[in-house]
Amino acid sequence: MNTTQHNLEPPANPHSPDGEFQPCPTIMTEEELIRFLRIPEISSASDHRNVIENLKRKHGLPRIHLCGKAVYLTDAVKRWLQSHVTCGQ
């Protein structure tokens, strides 16, 4: 019988607040998304939530609403990132 091994461990999220590797959640809160996208490292915005709002409003950042709050599916965000890759300068 041929069986395929599946890695059941979620991917590591190297951007945890304490610098330790942590599992990357399947569903991210806005704060987790900010760390996932490394917004503090790449943006000079004083409020990182404004960056997320801009990405949602102007660039179609995917999200769903649970209990009245926006949450972000990791796989959907990764696909969205891939679709926005540009080449050149």
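About the cut-offs
- Residues numbered from 1 in each chain as written.
- Predicted model: local features only at pLDDT ≥ 70, side-chain atom pairs only at ≥ 80, totals over all residues.
- Heavy atoms only, no water.
- Buried < 20%, exposed > 50% of the residue type's maximum accessible area, 1.4 Å probe, protein only.
- Helix = DSSP H or I, 4+ residues; strand = E, 2+ residues; numbered from the N terminus.
- Arc of directions from axis to C-beta.
- Contact = heavy atoms within 4.5 Å.
- Salt bridge = Lys/Arg side-chain N within 4 Å of Asp/Glu carboxyl O.
- Pairing = 2+ DSSP bridges.
- Core = buried A, V, L, I, M, F, W, Y, C linked by side-chain atoms within 4.5 Å.

A.B. asks: How would you sum up helix α4 (residues 74-83)? Please name residues and give values.
C.D. replies: Buried residues of α4: Thr74, Ala76, Val77 and Trp80, and no others. Seen from one end, α4 has its buried residues packed into an arc of 160°, which puts them on one side. Residues Asp75, Arg79, Gln82 and Ser83 are exposed on α4 and point more than 90 degrees away from its buried face. Contact partners of the buried residues in α4: β3 (27-28), α1 (30-36), α3 (48-59) and β5 (69-73).

A.B. asks: I'd like to hear about the pattern of salt bridges, residue by residue, with values.
C.D. replies: On inspection of all chains with the given rule, the structure shows four salt bridges. Residue arginine 49 pairs with glutamate 30 through a salt bridge whose shortest N-O separation is 2.7 Å. Of this pair, arginine 49 sits in helix α3 while glutamate 30 sits in helix α1; the two residues are 19 residues apart in sequence, bridging distant segments of the chain. Since its relative accessible area comes to 15%, glutamate 30 is described here as buried. For the salt bridge of glutamate 41 with arginine 38, the shortest nitrogen-to-oxygen distance reads 2.8 Å. Residue classification places glutamate 41 among the exposed positions, given a relative accessible area of 54%. One network of salt bridges, with partners in common, ties together Glu30, Glu31 and Arg49.

A.B. asks: Lay out the sheet that holds β5 with the relevant residues and their values.
C.D. replies: Within the open sheet, the three strands sit side by side as β3-β5-β4. Their pairing is antiparallel. Since the sheet does not close on itself, it has two edges, and those belong to β3 and β4 (64-66), each with one partner. As defined by bridge partners, β3 adjoins β5 across two bridges and the pair is classed as antiparallel. Looking at β5, one finds that methionine 28 is bridged to tyrosine 72.

A.B. asks: Hey, could you go over the nonpolar core for me, with residue numbers and the actual values?
C.D. replies: What tends to happen in soluble globular proteins is that the nonpolar side chains get buried as a cluster. With 14 residues, the main nonpolar core has Leu33, Leu37, Ile52, Leu61 and Val77 as its most contacted residues. Once residues lying within four places of it in the same chain are set aside, the contact partners of valine 77 are Met28, Leu33, Phe36, Leu37, Leu61, Pro62 and Tyr72.

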